[in-house]
Amino acid sequence: MIENNLNPKLTVKKGDTLWAIAKKYGTSVSTLVKDNNIANPDLIYVNQRISVNGNNNTDSNQVQKAQTTYGMTSASTVGDVQNTNESTQGSNEAAQATDLSNSEKVAQDYIVQHESGGNYNARNGKYIGKYQLDSSYLKGDYSAKNQDKVANQYVMQRYGSWTKAMEHWKKNSWY
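Residues numbered from 1 in each chain as written. Predicted model: local features only at pLDDT ≥ 70, side-chain atom pairs only at ≥ 80, totals over all residues. Heavy atoms only, no water.

**Brief notes about the nonpolar core**
Grouped together as the largest cluster of nonpolar side chains are 21 residues, with contacts concentrated most on I111, Y131, L133, W162 and Y175. Looking at this core, the elements with two or more residues in it are α5 (102-115), α7 (144-158) and α8 (162-172). Element by element, the count of residues in this core is highest for α7, at five residues. In this structure L133 touches K126, Y127, I128, L138, Q147, V150, A151, Y154 and Y175, once residues within four positions along its chain are discounted. With 12 residues, the next largest nonpolar core counts V12, I21, I38 and V52 among its residues. (Core = buried A, V, L, I, M, F, W, Y, C linked by side-chain atoms within 4.5 Å. Buried < 20%, exposed > 50% of the residue type's maximum accessible area, 1.4 Å probe, protein only. Helix = DSSP H or I, 4+ residues; strand = E, 2+ residues; numbered from the N terminus. Contact = heavy atoms within 4.5 Å.)

**Details of the pattern of salt bridges**
Evaluation of the coordinates by the stated rule reveals one salt bridge. Ionic pairing is found between D134 and K126, a salt bridge with its closest N-O pair at 3.1 Å. Looking at K126, the relative accessible area reads 46%, which means it is partly exposed. (Salt bridge = Lys/Arg side-chain N within 4 Å of Asp/Glu carboxyl O.)

**What to know about the sheet that holds strand β4 (residues 127-128)**
On the basis of which strands lie adjacent, the open sheet formed by three strands has the order β3-β4-β5 and antiparallel pairing. Across the chains shown, the open sheet's two edge strands, defined by having one partner strand only, are β3 (123-124) and β5 (133-134). As paired elements, β4 and β5 share two bridges and run antiparallel to each other. Bridge assignment links I128 to a residue of β5, and that residue is L133. (Pairing = 2+ DSSP bridges.)

**A few points about the environment of V106**
With respect to the helices and strands, the residue V106 is situated in helix α5. With 64 residues separating them in the primary sequence, V106 and D42 have C-alpha atoms 7.5 Å apart. Once residues lying within four places of it in the same chain are set aside, the contact partners of V106 are D42 and L43.

**A look at α7**
Here α7 spans 21 Å end to end across 15 residues, near enough to the 21 Å set by a 1.5 Å rise per residue. Turning to α7, its buried residues number three or more, namely A144, N146, Q147, D148, V150, A151, N152, Y154 and V155. Looking one or two residues past α7, G160 carries a phi angle of roughly 90°, positive in sign. (Expected span 1.5 Å × (residues − 1).)

Bear in mind that shape data such as this cannot, by itself, settle questions of function.
Given below as structure tokens:
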């Protein structure tokens with residue numbers, strides 16, 4: 001949520017990352033970290049207030065655009081937005097079924113935001129959904145519940161934890 005155009009601030013929502021916020025507002029993570037005195041750029045909290053006036057190149061049109069798009073993942077049509085919202089609702093239920101520690105949730109969210117922005121309907125060639133899994137892993141079931149289940153299995157088998165998967169992502173830009 002943006003308060004005004006002169007001193008734009010937003011309230012962090014579940015799934016937000018500084019990277020995604022910086023991208024939407026035409027600024028950088030380092031600027032957000034500096035302007036908001038954030039100790040760990042990989043860790044922000046729901047309901048945290050973030051100043052987004054970062055660079056002086058943000059005009060009122062950019063702020064207006066951010067006001068209308070902030071909180072939605074990229075979608076090209078109204079139908080995509082509706083599907084994204086429905087998938088997000090399903091994802092919340094699926095995410096509640098997993099018992100991850102806070103650090104594991106932070107790592108999982110980091111990967112999700114960099115892979116798909118949290119969109120269960122994201123497509124990139126053979127990579128599908130929120131976690132951008134190879135379509136062969138999902139075996140035709142692209143539901144939020146199955147994506148969460150398969151992503152957890154993949155990460156545990158390959159890395160042993162979401163935090164180790166995040167470390168790999170930071171070094172290689174993939175997991």
